[in-house]
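Remarks on the overall topology
So you can see what is in the structure, the chains are spelled out below.
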Amino acid sequence: MSAHARDVVRACGGDELLDRLDRLDALQAGRAQAAPERPTAPEAAHRPEWDVVLAGGGLSLLMAPLLAARGARVAVFDAGRIGAVHREWNCAGDELAPLWETGLLDRTTVEALVLNRYRHGFCRWSGGGTYPVTGALDYAVDAGALLATVRARAEAAGVALFDRHAVTGERGGVSGVRFRGIDPAGRPFEGTTRVFLDARGAASPWARGDLTCPTVGGVMTGLDEGVDDPERIDPTVGEILVTTEGVEDGRQHIWEAFPGRPGETTVYLFAYEPASARRPGDLTRLYARFFERLPAYKRGAARMVRPTFGHIPGWSRQVPGPRTDHPRIVLVGDAAARHSPLTFCGFGKALRSFGPVADAVAAALADDRGPGEVLPEDPIHRLTGALALVMARPSTVPARAGALNALLDAAFRRLHGLGDAAYRDLIRDRLDDRRFVQFAWSTSRERPEVYDEVFRVLGPLGAARWGLGAAARAAFAPGP
Ligand SMILES: Cc1cc2nc3c(=O)[nH]c(=O)nc-3n(C[C@H](O)[C@H](O)[C@H](O)COP(=O)(O)OP(=O)(O)OC[C@H]3O[C@@H](n4cnc5c(N)ncnc54)[C@H](O)[C@@H]3O)c2cc1C
């Protein structure tokens, strides 16, 4: 990795950020070299000590108290501290309802977790227009406080919590799953469970989606505030997707800015990429770009108060998705990559799915079977996945550096033209097939080169399958 990138990150983010990035790289390199551990499966007559083990106590922790409330013996193992999230999350207000409707938390507690509500959000593509939308990603939620509250609920419900216990391998059998790991003192441990929920996110050995979204940034202070000024932060408006230049270094870089507490804004820079393009050091390089290009996005004496970064796994639905080799080993959260390949909104997906997943796991426990795949799929992703691939593999011909922005600008102008409801539904994974096809075809009438791009990325067969699939789904979709 270039010394320049390291110098920029050290100068702007400090030694601690650089150390964290180096540790992540070392961890990834170690994982890539080590063969996955496979303990022996429990014998058929074995009675597992746990009903449900959750490997990874990040956002998926939401499920643990619900399962314990249904009488399951639940344990959570995390490589770090359970429920200690280093992220900020946005969603729409009504997407929070499952948090109280499932009985997990009470409504007043949930409402107190909301840091900010916006008048609207918008997307803007370099050289194009600004397209506002309401009711999408317009609530900024205190992620740390949410998971700390859920952790307390889990403890109260009798969930056994194992902080700093990294799970390193698992194998399923007729009676359950044997798992293995390393405790905080570096000693190996083993256990058995009837159902093993893998919530290790991008670190899961089963997280084999074909896309990744490297994301860097964090909570910033000192950005200039102002209204109707693209170079300033309006604390009452969310910036959902914004580009400030064309394709560079083979990537279309995208900004987002979500104002939170007064004077604070969460700013991210990210790109869509094929998972195969992931390289050690790429988050450090992306951070260097973040610090160097931030002044071109927003003015002010920016200071990073809490860095947040990671690779969010994704799945285009154009190839087989992540799955395990046993129905008692179940993927949830980012490891399953069932969230939108376009927005990568794992928070919204988790809010929609944690109740149904807990129900499905409880039903499987009652029948003493492996639940298999439990995450409900949002049909729209079969259509949007191809577009995510187009964004992940933009043309690298210098003369076409602005082509993706022009295409996205046309697409969002059309989407905005379809009305606030359609625009909001696309971002919230709710757009139905008929409106999606209407949107895609009206965009392609204005920008026929979208066909070239889909052909270039999917190949003729893949493009035909995608196009025919979309047409068939729209033809058989119920009318409005
Ligand atoms: C920088 C960044 C910003 C994001 N912003 C948003 C946003 O604004 N809106 C949104 O909807 N989504 C956002 N996301 C995505 C969202 O955070 C994820 O979709 C969500 O956290 C996934 O939940 P999860 O439970 O699958 O994994 P995580 O919440 O990532 O939790 C994984 C857990 O597994 C643990 N772990 C890892 N390896 C092991 C192991 N071997 N053994 C045991 N435990 C292990 C980790 O310590 C961690 O606690 C963002 C992601 C990133 C990286």
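Residues numbered from 1 in each chain as written. Predicted model: local features only at pLDDT ≥ 70, side-chain atom pairs only at ≥ 80, totals over all residues. Heavy atoms only, no water.

1. Focus on the overall build of the chain
Scanning the chain from terminus to terminus reveals 12 helices and 18 strands. Radius of gyration (C-alpha) of the chain: 22 Å, near the 23 Å computed for a compact globule of 480 residues. A separation threshold of at least 6 residues defines the contact pool for the chain, and within that pool the share at least 24 residues apart is 74%. Within the chain, one finds 59 positive and 59 negative side-chain charges whose respective centroids are separated by 3 Å. (Helix = DSSP H or I, 4+ residues; strand = E, 2+ residues; numbered from the N terminus. Rg over C-alpha atoms; globule rule 2.2 N^0.38 Å. Contact = heavy atoms within 4.5 Å. Lys, Arg positive; Asp, Glu negative; His and termini not counted. Charge placed at Lys NZ, Arg CZ, Asp CG, Glu CD.)

2. Focus on the site of the ligand
Lining the immediate surroundings of the ligand are 30 residues, of which S60, D78, W89, D334 and F347 lie closest. A distance of 2.6 Å separates an oxygen atom of the ligand from a polar atom in the side chain of S60. Separating an oxygen atom of the ligand from a side-chain N or O atom of D334 is a distance of 2.6 Å. For the ligand, the accessible surface in isolation is 990 Å², of which the surrounding protein chains cover 89%. Secondary-structure elements contributing two or more residues to the shell around the ligand are β3 (89-91), β9 (166-172), β17 (300-314) and α7 (346-367). For the shell around the ligand, the per-class residue count stands at 14 nonpolar, 11 polar and five charged. (Near = heavy atom within 4 Å. Polar contact = N/O pair within 3.5 Å; in protein donor to acceptor, adjacent residues only side chain to side chain. Areas by Shrake-Rupley, 256 points an atom, 1.4 Å probe, with all protein chains shown as cover. Nonpolar A, V, L, I, M, F, W, Y, C, P; charged D, E, K, R; others polar.)

3. Focus on the pattern of salt bridges
Scanning the model with the defined rule gives 49 salt bridges in all. E248 is the salt-bridge partner of R289, the closest N and O atoms lying 2.7 Å from each other. Taken together, the residues R289 in helix α6 (residues 282-297) and E248 in the loop between β13 (237-242) and β14 (254-259) connect sequence positions 41 residues apart. The exposure class assigned to R289 is buried, which follows from its relative accessible area of 8%. Overall, the relative accessible area of 28% leaves E248 in the partly exposed class. Connected via shared salt-bridge partners are D94, E95, K349, R352, D378, R428 and D429. (Salt bridge = Lys/Arg side-chain N within 4 Å of Asp/Glu carboxyl O. Buried < 20%, exposed > 50% of the residue type's maximum accessible area, 1.4 Å probe, protein only.)

4. Quick look at the nonpolar core
Counting 64 residues, the largest nonpolar core has L67, L96, L99, L146, L197 and F347 as its most contacted members. In terms of residue count, α7 provides more of this core than any other element does, nine residues in total. When residues no more than four places from it in sequence are discounted, the contact partners of L96 are C91, V110, V114, Y139, V141, F347 and L351. With 47 residues, the next largest nonpolar core counts L383, M391, L404 and L407 among its residues. (Core = buried A, V, L, I, M, F, W, Y, C linked by side-chain atoms within 4.5 Å.)

5. Some details on the environment of G462
Mapped onto the secondary structure, G462 falls in helix α12 (residues 449-476). For G462, a relative accessible area of 13% puts it in the buried group. Residues G462 and A386, 76 residues apart in the sequence, show an inter-C-alpha distance of 9.1 Å.

6. Looking at the pairing of strand β15 (residues 264-270)
Where burial is concerned, most of β15 is hidden: seven out of the seven residues are buried. Taking every second residue as pointing to the same face, both faces of β15 are buried, with E264, T266, Y268 and F270 on one and T265, V267 and L269 on the other. Note: strand β12 (residues 211-223) against β15, seven bridges, orientation antiparallel. In the sheet register, G218 faces β15, and the bridge partner there is V267. Note that β14 and β15 share six bridges and pair antiparallel. Its bridge partner being in β15, I254 is matched across the sheet by F270. The antiparallel hairpin formed by β14 and β15 contains four residues in its connecting segment, where G263 sits at a positive phi of about 85 degrees. (Pairing = 2+ DSSP bridges.)

7. Focus on the sheet that holds strand β7 (residues 139-141)
Taking strand neighbours across the sheet as the criterion, the three strands line up as β3-β7-β4 in an open arrangement whose pairing is antiparallel. Two strands in the sheet have a free side with no partner beyond their single neighbour: β3 and β4 (114-117). Taken over all neighbouring pairs, the strand axes of this sheet differ in orientation by 25 degrees on average, direction set aside. Summarising the sheet, β4 and β7 pair through three bridges and their orientation is antiparallel. Bridge pairing in β7 links R117 to Y139. (Axes fitted to C-alpha atoms, helices over the stretch in contact; angles between N-to-C directions.)

8. Comments concerning the side chain of T265
For T265, the location among the structural elements is in strand β15. Setting aside residues no more than four positions away along its own chain, T265 makes contact with G218, V219, M220, L223, I233, A257, F258, P259 and G260.

9. Comments concerning the domain arrangement of the chain
Domain assignment breaks the chain into domain 1 (3-32 + 211-314), domain 2 (36-88 + 142-207 + 318-367) and domain 3 (395-476). For domain 2 and domain 3, the distance between their C-alpha centres works out to 35 Å. Tallying the contact residues gives four residues for domain 2 and five residues for domain 3. Surface buried jointly by domain 2 and domain 3 totals about 450 Å² across both partners, of which 48% is contributed by carbon and sulfur atoms. Interface area lost by domain 2 to domain 3 is led by Q318, T343 and R352, which between them contribute 72%. Linking domain 2 to domain 3 there are one residue pair in polar contact (both at pLDDT 80 or more). Residues of the side of domain 2 that touches domain 3, tallied by class, amount to no nonpolar, three polar and one charged. (Domains from an automatic or database assignment. Buried area = accessible area lost by both parts, 1.4 Å probe.)

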